[in-house]
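# Residue-level structure breakdown
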Amino acid sequence: MTQVSADGRAAAAQDIERLRRTVQALEREVARVIVGQELVVRGVTIALLAGGHVLLEGLPGLGKTLLVRTIARVLQLHYSRVQFTPDLMPADILGTNILLDTAHGGRAFEFQAGPIFANLVLADEINRATPKTQSALLEAMQEQVVTVGTIGHPLPRPFFVLATQNPIELEGTYPLPEAELDRFFFKLQVGFPSRAELASIVERTTGPRGEPPATVAEGSSVLELQELAREIPIATHVADYAVRLVLASHPELPEAAESAKRNVRYGASPRAAQTIILGAKIHAVLAGRVNVAFDDVRRVALPTLRHRLILNYEAEARGITTDRVVAELLTAVPEQG
Amino acid sequence: MHVEGAQRLASVRDEPAELLRVLAGFRWRLGFERTLLFGIRGAIASALTLIGLSVAGWLSGAAMVGWPAAVPMLAALGLAVARWPSHREAAFSADRRLALEERLGTAVELAGSGRGGRFDRLQVQDAIDQARSARGGWLTEHRRLRREAALAALVVALAAASLLLLPRVPAPHVPAAVESGLPADAVAADVAERAVPPEAQDTALMNSQPAVQSQTDANLANRVQQEQSEQLALDKLSNALSSVSAGQSAANAIQQGNFTAARDELQSLGDDADQLSDAAKQQLAKALQDAAASTGQADRQLADRERQASQALSRPNYNDQRQALRGLGDQVERSGSRTVPADQLARDVGKLQQQQQAANQGSGGRGQTPGSGLPSNSGAAQAGQQAGAASGAQGGGADGQQGGPGVGSGTDPNVSGDASKLETAGQRVEVPTRLGSGPGVRPSDGTEDQVGADPSVGGRTVAELARAQQTGQVAPEQNLVPGEQRPVVRGYFR
């Protein structure tokens with residue numbers, strides 16, 4: 001019995017080790033291309049292992065597209081890019097049924113898959129498309145199925161959407177609907193590189209081209225790692241902390257934090273609690289633990305909640321950001337309920 | 001619940017059992033820490049209680065009862081034992097304080113649930129390893145414990161100081177009425193009276209002499225009456241105490257005006273109360289009861305104390321007797337401090353007589369005004385007059401209608417009526433004599449003391465004077481002729 005126990009423990013330890021090594025290799029290969037942005041890379045990695053989608057927000061030229069492309073290459077994933085424009089139609093993304101001549105001389109409708117049929121989809125400047133087109137992604141992101149006509153077409157697995165948006169060019173853009181925002185696992189902000197990082201970027205991109213990043217895993221292993229990550233145990237009191245964090249963001253609830261009552265119009269959805277716990281599990285593994293700590297919850301709370309809170313008019317008028325509200329929530333909600 | 005959880009943990013094998021052992025160590029340490037913390041708080045509470053008890057005992061003069069001070073400490077320790085930490089509590093505390101990042105809390109839950117997850121055993125083993133490597137750390141939250149320990153040390157030191165020092169500090173007097181159940185206004189009056197030291201009272205009395213002279217006869221008579229009543233009350237007590245041989249020394253001290261010694265003697269009598277025979281106790285109780293009854297309103301507090309002592313002596317409880325006699329001793333000292341000296345009393349009486357004499361002369365009549373009856377100037381009569389003054393001479397002096405025992409005759413033409421004889425020397429002499437209230441009645445046995453012992457009149461000074469005159473030891477201060485008038489008197493007789 002003890003031998004069986006030791007064997008099971010060793011196998012589990014090997015699984016955990018494999019997951020860690022894969023992530024370390026992924027981050028190492030990405031770092032060969034992307035200078036700095038470690039937190040963004042870590043956030044994207046966590047979202048990938050959790051099977052979630054990421055909304056990247058940052059100025060043009062900060063390497064968002066390069067990051068997505070590099071990850072696709074490192075993980076040997078089928079990658080497609082969709083440049084969102086105001087005249088982009090849902091069918092341009094999802095695909096459509098076209099009438100084709102058959103071998104028997106007849107004609108039949110045949111589904112022509114759109115660019116969304118890929119493992120990794122880069123939705124570049126997603127807020128430039130109309131809400132109609134943006135909403136075309138809803139089913140794909142949540143159900144991983146595209147329904148055209150009456151037929152549902154499953155998307156390849158793993159399936160990730162990495163969308164980017166520009167925070168300063170607001171003219172001619174359409175803010176993402178809350179339902180779609182909620183479907184993004186994380187919203188990561190891509191900051192401007194530091195002086196040293198910028199110097200390194202200049203050096204790398206203006207000199208001789210280096211070796212392309214190596215493949216560290218493939219799609220099937222990513223799926224396997226996703227299942228592994230879900231099995232990381234989390235104690236009840238830690239999960240309760242995540243739940244209380246989400247509840248505290250709802251101004252109408254008795255558990256609401258003072259900051260939420262003052263600044264928030266709508267709090268985070270239940271999906272936020274799922275995201276926090278799932279993200280915390282992966283963060284724990286990457287931190288070398290087999291259990292989730294309060295610190296893991298805190299680390300993933302900001303990218304999870306910042307796009308799920310809807311501020312009220314007063315908060316917007318005062319220039320209060322959701323990041324600040326989340327920080328205040330983390331301060332207000334005690335670890336031990 | 002803790003036992004049930006422990007059994008459930010123990011029923012699982014390997015890692016959980018090991019986890020249980022690790023947690024047991026943490027439980028003991030956390031429990032000890034909690035006991036220490038509760039003990040410190042209990043010590044603070046106990047020390048505060050002890051301070052309160054010692055201060056209360058110091059103020060009341062009663063013996064301090066110390067056992068209630070132990071109650072907070074025992075309660076705190078009992079609470080600490082009752083709230084002995086569970087495995088889960090110990091795990092949470094260890095996670096928090098040893099920075100184990102919720103490893104132990106998760107491990108306890110996994111081991112208890114037995115859900116058999118893929119990473120459960122790995123997690124439990126990881127928690128055990130981490131906890132073992134971190135066990136060198138002490139669970140205590142040092143800062144809070146240190147702060148409370150410092151506070152406890154301070155309060156305990158205060159308690160010790162109160163225990164050691166308070167008994168050496170003289171306790172403030174507690175109004176007798178507090179114990180005897182007198183009304184609050186009586187207590188207030190007593191306190192207000194005691195607020196002025198006896199010396200200051202005497203000084204004030206001295207300084208007020210010119211003003212008193214200008215006051216009405218009634219005011220002076222009232223004051224003299226009050227002073228004599230208080231003296232009489234003490235005399236009554238002295239007589240009562242002298243009814244038993246053990247109380248003789250206290251009686252003597254009262255007679256000598258040494259009230260501090262009288263207090264000590266009474267306290268000593270209280271301490272030796274168990275040595276008195278029942279008959280002596282009954283005799284003393286009766287005498288004290290009589291003294292209290294006769295003292296009445298003259299010194300209500302003294303009368304109360306006498307009554308308490310009498311009641312206590314009638315009961316078989318030694319502590320009651322001791323306390324009552326001690327209280328009586330304290331009251332004797334207080335009452336004695338209020339009495340005026342004998343010579344002062346004599347001067348007051350003389351002035352009262354002068355005023356009344358002057359009033360009589362002003363009216364041109366003799367014995368026409370109530371309260372104008374004047375006594376003879378003989379020594380024995382003076383003794384009676386002193387007592388008679390308290391009752392206020394009643395009726396006309398010429399007719400000798402005044403009543404009252406032991407009082408000088410109401411008629412003395414040399415003094416009260418015909419001033420021409422005095423004028424033969426070319427000077428007018430006013431010899432202060434004391435008022436009487438009727439014809440003098442001498443005691444059958446010839447002693448003057450019993451005259452002064454009449455309950456209706458004052459007379460301690462009379463007793464002293466009579467005794468002194470018999471022995472020929474008359475101090476100049478006790479001469480009833482004021483000092484400035486003595487040469488005139490001597491000249492007249494020459």
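Just so it is clear, the structure is predicted and the values come from calculations on it, not from any experiment. (Residues numbered from 1 in each chain as written. Chains lettered and ligands numbered in written order. Predicted model: local features only at pLDDT ≥ 70, side-chain atom pairs only at ≥ 80, totals over all residues. Heavy atoms only, no water.)

### As for the overall build of chain B
Inclusion rule: A run of DSSP states H or I qualifies as a helix once it reaches four residues; a run of E qualifies as a strand once it reaches two. Both are numbered from the N-terminal end. Only protein chains enter the accessibility calculation, which uses a 1.4 Å probe; a residue whose area is less than 20% of its type maximum is buried, one above 50% is exposed, and one in between is partly exposed. Between two residues, a contact is recorded if the distance between any of their heavy atoms is within 4.5 Å. Using a 1.4 Å probe, the Shrake-Rupley method yields the accessible areas, and only the shown protein chains count as cover for residues.
When helices and strands are counted, chain B shows 24 helices and zero strands. A total of 494 residues make up chain B; the buried ones form 46% of that total. Looking at chain B alone, contacts between residues at least 24 apart form 73% of all its contacts between residues at least 6 apart. As displayed, chain B offers around 23,400 Å² of accessible surface, 56% of which is attributable to carbon and sulfur atoms.

### Re the overall build of chain A
Along its length, chain A carries 14 helices and 11 strands. In chain A, which comprises 337 residues, the share counted as buried stands at 52%. Residue pairs at least 24 apart in sequence account for 75% of intrachain contacts in chain A once pairs closer than 6 positions are excluded. Counting only carbon and sulfur atoms, one obtains 54% of the accessible surface of chain A, whose full area is about 15,700 Å².

### Remarks on the packing of helix H4 (residues 87–97) of chain B against helix H5 (residues 103–113) of chain B
Residue and element names in this part refer to chain B. Our working rule: Inter-axis angles, ranging from 0 to 180 degrees, are taken between N-to-C directions of lines fitted to C-alpha atoms, where helices are fitted over the stretch in contact. With respect to orientation, any angle under 35 degrees is reported as roughly parallel, any angle over 145 as roughly antiparallel, any angle of 65 to 115 as roughly perpendicular, and every other angle as oblique. All amino acids are sorted into three groups, where Ala, Val, Leu, Ile, Met, Phe, Trp, Tyr, Cys and Pro are nonpolar, Asp, Glu, Lys and Arg are charged, and the leftover types, Gly among them, are polar.
Contact geometry for H4 and H5: axes closest at 7 Å, N-to-C directions at 155°. Between H4 and H5, the angle falls in the class roughly antiparallel. From H4, His 87, Arg 88, Ala 91, Phe 92, Ala 94 and Asp 95 reach across to H5, where they touch Arg 103, Leu 104, Gly 105, Val 108 and Glu 109. In terms of residue class, the contact of H4 with H5 is built from five nonpolar, two polar and four charged.

### Let's talk about the interface of chain A and chain B
Often, the extent of an interface is quoted as the loss of accessible area on bringing the components together. Cut-off, in case you're wondering: In short, buried area is how much 1.4 Å probe accessible area vanishes from two parts on joining, totalled over both. Any carboxyl oxygen of Asp or Glu that lies within 4 Å of a side-chain nitrogen of Lys or Arg is treated as forming a salt bridge with it.
Opposite the 25 residues of chain A that make contact, chain B presents 21 residues. A buried area of about 2,100 Å², summed over both sides, lies between chain A and chain B, and 56% of it is on carbon and sulfur atoms. Scanning the region where chain A abuts chain B turns up one salt bridge. A salt bridge links Arg 289 of chain A to Glu 101 of chain B; the nearest nitrogen and oxygen atoms lie 3.0 Å apart.

### Re the sheet that holds strand E2 (residues 79–83) of chain A
Residue and element names in this part refer to chain A. Put simply, the rule is: In this scheme, strands are said to pair when DSSP sees at least two bridges between them.
An order of E2-E5-E8-E1-E9 is seen for the five strands of this open sheet, with the pairing classed as parallel. Pairing within the sheet leaves two strands with one partner each, and these edge strands are E2 and strand E9 (184–190). Direction aside, the axes of adjacent strands within the sheet are offset by 20° on average. Here six bridges tie strand E1 (residues 53–58) to E9, and the two strands are oriented parallel to one another. Its bridge partner lying in E9, His 53 is registered against Phe 184. Strands E1, E2, strand E5 (120–124), strand E8 (160–165) and E9 of the sheet are contacted by helix H3 (residues 64–74), whose axis makes an angle of about 175° with E5.

### Details of the packing of aromatic side chains
Residue and element names in this part refer to chain A. Put simply, the rule reads: Two rings belonging to Phe, Tyr or Trp (six-membered ring only in the last case) form a pair when the distance between their centres is within 6.5 Å. Interplanar angles under 30 degrees mark stacking, angles over 60 mark edge-to-face geometry, and anything in between is tilted. The criterion is that NZ of a Lys, or CZ of an Arg, lies within 6 Å of the ring centre and within 35 degrees of the ring normal, and then a charge sits over that ring.
Taken as a whole and judged by the stated rule, the model has four aromatic pairs over all chains. The interplanar angle of 65° and the centroid separation of 5.6 Å between the aromatic rings of Phe 111 and Phe 117 together place this pair among those described as edge-to-face. For the pair Phe 185 and Phe 186, a centre-to-centre distance of 4.7 Å together with 55° between the ring planes defines the contact as tilted. Accessibility expressed as a relative area gives 7% for Phe 185, which makes it buried. Phe 186 sits in the buried class, given a relative accessible area of 1%. If you follow Arg 265 out to its NZ or CZ, it ends over the ring of Tyr 313, 5.4 Å from the centre.

### Topic: the environment of Glu 17 of chain A
All names here are of chain A. Examined against the element boundaries, Glu 17 turns out to sit in helix H1 (residues 2–33). Note on Glu 17: relative accessible area 31%, which makes it partly exposed. Taking C-alpha positions, Glu 17 is 9.0 Å from Gly 288, a pair spaced 271 residues apart along the chain.

### Quick word on unusual backbone geometry
Geometrically, the link from Arg 157 of chain A to Pro 158 of chain A is a cis peptide bond, its omega value of -5° lying close to zero. Here Pro 158 of chain A lies in the loop between strand E7 (151–154) and E8. Unlike most non-glycine residues, Gln 37 of chain A shows phi in positive territory, near 55°. Structurally, Gln 37 of chain A can be placed in the loop between H1 and helix H2 (38–50). For Glu 102 of chain B, which is not glycine, the phi dihedral falls at a positive 60°. Looking at the element boundaries, Glu 102 of chain B is found in the loop between H4 and H5.

### Regarding H3 of chain A
All names here are of chain A. Burial of H3 is extensive: eight of the 11 residues sit out of reach of the surface. Residues of H3 that are buried include every one of Lys 64, Thr 65, Leu 67, Val 68, Thr 70, Ile 71, Ala 72 and Val 74, and no others. In the stretch just after H3, Gln 76 is the one whose phi turns positive, near 55°.

### Focus: the nonpolar core
Stated precisely, the cut-off is as follows: Side-chain atoms within 4.5 Å link the members of a nonpolar core, which is a set of buried Ala, Val, Leu, Ile, Met, Phe, Trp, Tyr and Cys residues.
Counting 79 residues, the largest nonpolar core has Leu 19, Val 44, Leu 56, Leu 67 and Val 297 of chain A as its most contacted members. Per element, the largest residue contribution to this core is 10 residues, and it comes from helix H11 (residues 270–286) of chain A. Once residues lying within four places of it in the same chain are set aside, the contact partners of Val 44 of chain A are Val 54, Leu 56, Leu 67, Ile 71, Leu 162 and Leu 188 of chain A. Counting residues in each nonpolar core, the second largest holds 30 residues, with Ala 233, Leu 237, Ala 273 and Ala 280 of chain B among its members.

### Some points on the confidence of the model for chain B
All names here are of chain B. The line we're drawing: By definition, pLDDT measures how confident the predictor is in each residue, and it falls between 0 and 100.
Per-chain confidence: chain B averages 69 in pLDDT, with 60% of residues scoring 70 or above. Note that pLDDT drops below 50 for residues 1–12; the model gives that stretch 16 contacts with residues more than four away or on any other chain. Every residue in residues 174–196 scores below 50 in pLDDT, and together they form 30 contacts with partners more than four places removed in sequence or on other chains.

### Examining the side chain of His 153 of chain A
Residue and element names in this part refer to chain A. When you line up the elements, His 153 lands in strand E7. Overall, the relative accessible area of 15% leaves His 153 in the buried class. Discounting residues that sit within four places of it in the chain, His 153 has contacts with Phe 111, Phe 117, Val 145, Val 146 and Val 148.

### Observations regarding the packing of helix H2 (residues 15–60) of chain B against helix H3 (residues 70–82) of chain B
Residues and elements named next belong to chain B. Stated precisely, the cut-off is as follows: For any pair of crossing helices, the crossing counts as left-handed if the nearer helix is rotated counterclockwise from the farther one by less than a right angle, and right-handed if it is rotated clockwise.
In contact at an axis separation of 7 Å, H2 and H3 are set at 165° when each is read in the N-to-C sense. With respect to their mutual orientation, H2 and H3 come out roughly antiparallel. As H2 runs across H3, the sense of the crossing is right-handed. Contacts between H2 and H3 involve Arg 34, Thr 35, Phe 38, Gly 39, Gly 42, Ala 43, Ala 45, Ser 46 and Thr 49 from the former and Ala 70, Pro 72, Met 73, Ala 76, Leu 77, Leu 79 and Ala 80 from the latter. Residues of the contact of H2 with H3, tallied by class, amount to 10 nonpolar, five polar and one charged.

### Brief notes about the environment of Ile 71 of chain A
Residues and elements named next belong to chain A. Assignment of secondary structure puts Ile 71 in helix H3. Ile 71 sits in the buried class, given a relative accessible area of 2%. For Ile 71, the residues in contact, after removing those within four places along its chain, are Val 30, Val 44, Leu 48 and Leu 120.

### Quick notes on the pairing of strand E4 (residues 107–113) of chain A
Residues and elements named next belong to chain A. Summarising the sheet, strand E3 (residues 95–101) and E4 pair through seven bridges and their orientation is antiparallel. Residue pairing across strands places Gly 95 opposite Ala 113, the latter belonging to E4. Counted between consecutive antiparallel strands, the loop separating E3 from E4 contains five residues, among which Gly 105 sits at a positive phi close to 90°.

### Things to note about the pattern of salt bridges
Residues and elements named next belong to chain B. Throughout the structure, instances matching the rule amount to 34 salt bridges over all chains. Two residues, Arg 307 and Asp 304, come together in a salt bridge whose shortest N-O distance is 3.0 Å. Residue Arg 307 and its partner Asp 304 are both found in helix H16 (residues 300–314); the two are separated by three residues, about one turn of the helix. Given the relative accessible area of 28%, Arg 307 is considered partly exposed. Residue classification places Asp 304 among the buried residues on the basis of a relative accessible area of 14%.

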